[in-house]
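Listed here are the chains, written in short residue letters.
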Amino acid sequence: MPAMLTDVFRGHPIHLPHSHQPDFTSLRELPDSYKWTPKDDLLFAAAPSPPATGENIPLIDLDHPDAANQIGHACRTWGAFQIANHGVPLGLLQDLEFLTGSLFGLPVQRKLKAARSETGVSGYGVARIASFFNKKMWSEGFTITGSPLNDFRKLWPQLHLNYCDIVEEYEEQMKKLASKLMWLALKSLGVSEEDVEWASLNSDLNWAQAALQLNHYPVCPEPDRAMGLAAHTDSTLLTILYQNNTAGLQVFSDDLGWVTVPPVPGSLVVNVGDLFHILSNGLFKSVLHRARVNQNRARLSVAFLWGPQSDIKISPVPKLVSPVELPLYRSVTWTEYLRTKATHFNKALSMIRNHREE
Ligand SMILES: C=C1C[C@]23C[C@@]1(O)CC[C@H]2[C@@]12CCC[C@@](C)(C(=O)O1)[C@H]2[C@@H]3C(=O)O
Ligand SMILES: O=C(O)CCC(=O)C(=O)O
Ligand SMILES: [Fe+2]
């Protein structure tokens, strides 16, 4: 039985003191430990936001006959796009937002009953990447892998079953959507299901697994000096993000710097992750992104982080490799990659890159 996502950090503990999680609502001033400068993150002040050009990631209508090419283009250029007509019921998105708001609205002591352990993936706490920075992030998170039943029972002794149903239904919808998006993007490169051995053998989608990351960015007294979630790429094949109607997500463009992704009601944001970059032999770009915070409105987001089961080795699709286009990366499982990322963070991708003999 391959290791599941739940076990990925067993033997790789990360010490993040959740018990020091502040009650954000009581802070009238930003504590020094939350004040970021370019020393704390080289790209902190990389560019004006929003950019003067008004350029942004595309909003793609999935019902459009040319959707595959539009998605392919977005994956090659931005590494991100928004989608409309994705088929996920609006009522389900509203239920998910309600659940997320209700979870983070619980008293800190209740949330800490479901705190993530040092070697665990699931539960309440700060994002794992916090360990790579000297400054604290103005956010709190809750990660779900597998069944949320045990954690939800601790959070909501009465209502946990209703909330479990919402998560289960949302994950079901996300699984189907993520697979559809992956094949549309690959189709734009001339790659079909027969070309990807591990996926074609398992057309029932059992080759995939996922985590759900709920994020809360409370109202912040000094948003320009604070950071909600520091710049990172996701380790996934694809990430599908729901954001409430408060801006904060930014994607990095080499030409424009940080570009704010405007919330479009009912739409979802899709990010290319590191494993899709590897699979596409570097053609699709895993997008550097971060979340900024806001003085007036709290922000909520939910990321569906989607990748292959832990026994599947991801390497560049053979069809995209030739004597001229050599494979840029060696093969890696999601588990191996997450562990590399847990140690080397944003250098993880370069650590599995093949270096040509000169
Ligand atoms: C499957 C996973 C991807 C993730 C690490 C995790 O084990 C569960 C949480 C995910 C998340 C969400 C916030 C940003 C991120 C970089 C992090 O620290 O935790 C991602 C991780 C990732 O994509 O590498
Ligand atoms: O909150 C956001 O917009 C970004 C969240 C994110 O990047 C993540 O959960 O991986
Ligand atoms: Fe992310």
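Residues numbered from 1 in each chain as written. Chains lettered and ligands numbered in written order. Predicted model: local features only at pLDDT ≥ 70, side-chain atom pairs only at ≥ 80, totals over all residues. Heavy atoms only, no water.

In the annotation of an unreviewed UniProt entry, the chain is listed under the name gibberellin 3beta-dioxygenase and assigned to Arabidopsis thaliana x Arabidopsis arenosa. A UniProt comment under Cofactor (unreviewed entry) is attached to the chain, and it reads "L-ascorbate". (UniProt positions renumbered as here; feature names shortened; annotations may be inferred.)

Undergrad: Can you explain the pairing of strand 12 (residues 299-308)? Please cite residues and give values.
TA: Counting buried positions over the ten residues of strand 12 gives ten, a clear majority of the element. Relative to strand 12, strand 5 (residues 208-217) runs antiparallel, the two being bridged by ten bridges. Bridge pairing links glutamine 209 to glycine 307 in strand 12. Looking at chain direction, strand 7 (residues 238-243) and strand 12 are connected through six bridges and run antiparallel. Within the sheet, the bridge partner assigned to threonine 239 lies in strand 12 and is leucine 305. (Buried < 20%, exposed > 50% of the residue type's maximum accessible area, 1.4 Å probe, protein only. Helix = DSSP H or I, 4+ residues; strand = E, 2+ residues; numbered from the N terminus. Pairing = 2+ DSSP bridges.)

Undergrad: Let's hear about the coordination of the iron ion (ligand 3): which residues, and what values?
TA: Here the iron ion (ligand 3) is held by the protein donor atoms His232 (NE2), Asp234 (OD) and His289 (NE2), which lie 2.1 to 2.2 Å from it. Donor residues for the iron ion (ligand 3), ordered by position in the chain, follow H-x1-D-x54-H. Of this pair, aspartate 234 sits in the loop between strand 6 (229-232) and strand 7 while histidine 289 sits in strand 11 (residues 289-291), placing them 55 residues apart in sequence. (Donors = N, O, S within 2.8 Å, 3.2 Å for Na, K, Ca; no water.)

Undergrad: Describe the site of ligand 1, with residues and values.
TA: Not every one of the 14 residues close to ligand 1 is listed here, only the nearest: Phe9, Arg128, Ile129, Asp234 and Ser235. With respect to ligand 1, the backbone of arginine 128 contributes an N or O atom lying 3.4 Å from an oxygen atom. Serine 235 places a main-chain nitrogen or oxygen 2.9 Å from an oxygen atom of ligand 1. Coverage of ligand 1 by the protein amounts to 95% of the 460 Å² it exposes when considered alone. Elements supplying a minimum of two residues to the shell around ligand 1: strand 5 and helix 8 (334-344). Class assignment for the residues of the shell around ligand 1 results in eight nonpolar, four polar and two charged. (Near = heavy atom within 4 Å. Polar contact = N/O pair within 3.5 Å; in protein donor to acceptor, adjacent residues only side chain to side chain. Areas by Shrake-Rupley, 256 points an atom, 1.4 Å probe, with all protein chains shown as cover. Nonpolar A, V, L, I, M, F, W, Y, C, P; charged D, E, K, R; others polar.)

Undergrad: Summarise the packing of aromatic side chains; cite the residues concerned and give the values.
TA: Aromatic ring pairs are described here by two measures, namely the spacing of the ring centres and the angle between the planes. Enumeration according to the criterion identifies 13 aromatic pairs in this entry. When the centroid spacing of 6.1 Å and the interplanar angle of 40 degrees are considered together, the rings of phenylalanine 142 and phenylalanine 152 count as tilted. Taken as a pair, phenylalanine 142 in strand 4 (residues 140-144) and phenylalanine 152 in helix 4 (residues 149-155) lie far apart in primary sequence, ten residues in all. For phenylalanine 142, a relative accessible area of 1% corresponds to the buried category. In this structure, arginine 128 packs its charged tip against the face of phenylalanine 9, placed 3.3 Å from the ring centre. (Phe/Tyr/Trp six-rings, centres within 6.5 Å; stacked < 30°, edge-to-face > 60°. Lys NZ or Arg CZ within 6 Å of the ring centre and 35° of its normal.)

Undergrad: With reference to specific residues and values, describe the pairing of strand 8 (residues 249-253).
TA: Within strand 8, five of the five residues are buried, which leaves it mostly tucked inside the rest of the structure. Along strand 8, one buried face is formed by Leu249, Val251 and Ser253 and the opposite face, lined by Gln250 and Phe252, is buried too. Where strand 8 lies against strand 11, three bridges are found, and the strand directions are antiparallel. The residue bridging valine 251 from the neighbouring strand is histidine 289, located in strand 11. With four bridges joining them, strand 8 and strand 9 (residues 257-260) adopt antiparallel strand pairing. If you follow phenylalanine 252 over to strand 9, its bridge partner there is tryptophan 258. Remark: three residues form the turn of the hairpin made by strand 8 and strand 9, two consecutive strands paired antiparallel.

Undergrad: An account of helix 1 (residues 67-77) is needed here, citing residue identities and associated values.
TA: Turning to helix 1, its buried residues number three or more, namely Ala67, Ala68, Ile71, Gly72, Ala74 and Cys75. For helix 1, the buried positions fall inside an angular range of 165 degrees around the axis, keeping them on one side. Buried residues belonging to helix 1 abut strand 1 (59-61), strand 2 (80-84), helix 5 (160-187) and strand 10 (268-272). Directly after helix 1, the chain includes glycine 79, whose backbone phi takes a positive value near 80 degrees. (Arc of directions from axis to C-beta. Contact = heavy atoms within 4.5 Å.)

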